[in-house]
Amino acid sequence: MTSPAAAPRRPRRPEWAGRNYTLLTAASVVTSLGSQGALIAAAFAVLDAGGDGGDVGLVAAARTLPLVLFLLIGGAVADRLPRHRVMVAANTLNCLSQGAFAVLVLAGEPQLWQMMLLTALGGTGQAFFGPAAEGMLMSSVSGEQVGRAFALFRLATQGSGLGGAAVGGAMVAAIGPGWVLAVDAVAFAVAGSLRAFLDVSHIPPREPGEGLLADLRDGWREVVGRPWLWSIVAQFSVVVAVVAAAESVYGPLVARDSLGGAAPWGLALGAFGAGNVGGAILMMRWKPRRMLLAGTLCVFPLAMPSAALAVPLSVAGLCAVMFVSGVALEVFGVSWMTALHQEIPEDRLSRVSAYDWFGSVSMVPLATALAGPAEEAFGRTAALWGCTVLVVVVTAGVLCVSDVRNMTRRTKEVVVGVPTASEPAGWKRPADGS
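Let's hear about the nonpolar core: which residues, and what values?
Ranked by internal contacts, the top residues of the largest apolar core, which has 81 residues, are W228, L229 and W336. Per-element tally for this core: the top contributor is helix α8 (residues 227–259), with 16 residues. The contacts of L229, once residues within four sequence positions are left out, are E222, V223, W336, L340, I344 and V352. V105, M115, L118 and L181 belong to the second largest nonpolar core, which has 14 residues in total.

Please set out the side chain of S160 residue by residue, giving values where relevant.
Structurally, the position occupied by S160 is in helix α5 (residues 146–175). Looking at S160, its side chain comes within polar contact range of the main-chain oxygen of A156, at 2.9 Å. For S160, the residues in contact, after removing those within four places along its chain, are S28, V29, S32 and L33.

Run through the environment of M337, naming residues and quoting values.
Its place among the elements puts M337 in helix α12 (residues 315–343). It is 7.9 Å that separates the C-alpha atoms of M337 and G147, two residues lying 190 residues apart in sequence. If we skip the residues at most four places from it in the chain, M337 touches L137, M138, F150 and R154.

Now, about a nonpolar patch on the surface: what can you tell me, with residues and values included?
A cluster of nonpolar side chains, L65, L69 and F70, forms an exposed patch at the surface whose accessible area comes to about 290 Å². With respect to the secondary-structure elements, F70 resides in helix α2 (residues 53–80). The partly exposed category is assigned to F70, whose relative accessible area is 31%.

So what's going on with the packing of aromatic side chains? Which residues, and what values?
For the coordinates displayed, the defined rule picks out five aromatic pairs. Ring centres of W220 and Y355 lie 5.7 Å apart, and the angle between their planes is 50°; this geometry places the pair in the tilted category. With W220 in helix α7 (residues 212–224) and Y355 in helix α13 (residues 349–361), the pair connects residues that are 135 residues apart, well separated along the chain. Among the aromatic side chains, those forming a connected cluster through ring pairs are W228, F236, F332 and W336.

Quick one: what's the story with unusual backbone geometry, residue by residue and with numbers?
Note that the residue after V311, namely P312, is joined by a cis bond; omega there is -15°. In this fold, P312 is placed in the loop between α11 (304–310) and α12. The backbone of E109 sits at a positive phi, close to 55°, despite the residue not being glycine. Looking at the secondary structure, you find E109 in the loop between α3 (83–107) and α4 (112–139). For E109, a relative accessible area of 70% translates into the label exposed.

Can you tell me about the pattern of salt bridges, naming the residues and giving the values?
Scanning all chains against the criterion turns up six salt bridges. When the shortest N-O distance is used, the salt bridge between D218 and R351 registers 3.9 Å. In this pair, D218 is assigned in helix α7 and R351 in helix α13, connecting sequence segments 133 residues apart. Look at D218 and you get partly exposed, because its relative accessible area is 36%. What makes R351 buried here is its relative accessible area of 7%. As a salt-bridge pair, R380 and E375 come within 2.8 Å of each other at their nearest N and O atoms.

Outline helix α6 (residues 177–195), supporting the account with residue identities and numerical values.
Each turn of an α-helix holds 3.6 residues, which means side chains three or four residues apart point in the same direction. Compared with an ideal rise of 1.5 Å per residue, which puts 19 residues at 27 Å, α6 spans 27 Å between its outermost C-alpha atoms and is within 8% of the ideal. Buried within α6 are the following residues: P177, G178, V180, L181, D184, A185, A187, F188, A191, G192 and R195. Taken together, the buried residues of α6 touch α1 (19–48), α3, α4 and α5.

Describe α1, naming the residues involved and giving the relevant values.
Its 30 residues place the ends of α1 43 Å apart at the C-alpha level, agreeing with the 44 Å of an ideal helix rising 1.5 Å per residue. G50 lies just past α1 and shows a positive phi near 100°.

So, the environment of V364: which residues are in play, and what are the values?
Turning to its location among the elements, V364 is positioned in helix α14 (residues 364–378). Residues V364 and V68, 296 residues apart in the sequence, show an inter-C-alpha distance of 9.8 Å. If sequence neighbours within four positions are ignored, V364 has contacts with V240, A241 and A244.

Parameters and conventions
Residues numbered from 1 in each chain as written. Predicted model: local features only at pLDDT ≥ 70, side-chain atom pairs only at ≥ 80, totals over all residues. Heavy atoms only, no water. Core = buried A, V, L, I, M, F, W, Y, C linked by side-chain atoms within 4.5 Å. Buried < 20%, exposed > 50% of the residue type's maximum accessible area, 1.4 Å probe, protein only. Helix = DSSP H or I, 4+ residues; strand = E, 2+ residues; numbered from the N terminus. Contact = heavy atoms within 4.5 Å. Polar contact = N/O pair within 3.5 Å; in protein donor to acceptor, adjacent residues only side chain to side chain. Patch = residues over 30% accessible without salt bridge, like charges linked within 9 Å, V, L, I, M, F, W, Y side chains within 5 Å. Areas by Shrake-Rupley, 256 points an atom, 1.4 Å probe, with all protein chains shown as cover. Salt bridge = Lys/Arg side-chain N within 4 Å of Asp/Glu carboxyl O. Phe/Tyr/Trp six-rings, centres within 6.5 Å; stacked < 30°, edge-to-face > 60°. Expected span 1.5 Å × (residues − 1).

If you want it as C-alpha cells, here you go:
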C-alpha cells in the first residue's frame, strides 16, 4: 500500500499566480475572445445595414470619444471605490449595450444613430474598466516575478484576442454579425461574474478624500513629478496616433493598390498578433535590469511598419516586419507595467493608469482624421515616411531622460513616492503606504 508520503504531489501554482491573478487572467481571456470578434461584427453590422466606410468610421469614433472623455474620471473613481466593483459595473454596462446591439441587428435594419449610441455606451464602460483593471492587476502580484506575471497575463490576453479575431471573422461569415455580438454580451456577463469573486481584503480602505477634482490633481501630480513617466506618456500619445493612422488608414489602401487586397493585409495583422504572443513568451524568461531602457529601445521597431508600407515591401517582407514590431511592443508593454508596479503607490495606480491611457488614445481620432488630408497634401508615400520619422524622433527624445536610461529593477518592495510639502526630497514611501 502506498504511504501518504509517497503519494504523488499535486503541482502547485507559482507563488505569484494567486487567486486574484488567476481570476483576472481568466476573465481577460473570456472578454478578449468575445471583444475581438465583436469589433469585426460591428463593422459588418454597419455595412449590412447599408452603411459605407464613413459610417463604419463614425461608429468607431463613437466608441473612442467617450473613452477619451471619461478615462480620467474612471481612474479617479477606481482609486476611490473598490476596484472590483467598478470592473463588474463596467462589465454589466458592456453586457447590456452589446446585448441591445445584438437584438437590433438580429431584428433587422438598425439605425446608424442607434449603433453609435450603443457603441458609445461600450466605450464609456471601457473608460471606467481599464484603469480599475490595471490597478487591480498590479495589486494582485508582488515579489521578484512580477515581470513574469505581467508577461503571462499579456500572453493569455493577446493569444485569446488573436484567436477571437479569427473565430469571430469566421462566425460573422457563417452566422452573421448579430450572433457574434450576442456572444460578446455573454462573454462580458461571464467575465463580470468571475471578477465579482476578487478578494480586495489586502487593499487598505481608502480614506475619504477632498473630492474627485482633488483626486485628479493627485494623479496629475504623480505623473508630472516623474520625468520618466510623463515623457513616455507624451511619447506614446504620438506613437500610438501615427501607428493607428498608418495601420487603419494607409495600410488597407496600400494592400488594395500594391499587395493584392484585403487578404494579405489580414495576414500582416495576424503576423503582428503572433509577434505579440512571441514577445510575451520572451518576457516570461527575460528580466532586463534596466527595464525602461530595454522597453524604450523596443519602441524604435514600431516605425518599421510605416516604412514597409511606404516602400512598399512584399507581403512576406511586410509580415516579417509586423511580427518583429509585435514582439517589440510586448517587450515594452511588460517593461512598462513592471516599472509602474515598482514605482507608483498602490492607492494611486488607477489614476496614473488613466493618465497613461488618456495619453495613448487622446490623439488617435485627430491622427486618423488628418490621415486623408495629409495623403492629399503630401502623397501617401511621404505621409508614411512622416509617420516613421515621428516615431523615431520622439523615441530618441525619451532616451535623453536619465531616469529612462538608468531606472533599474529592484528586488525589494519599495515604492518611491513624489514628495509632498511635508516630505523631504528623496524620501521613500514603504510598500505598505505608511
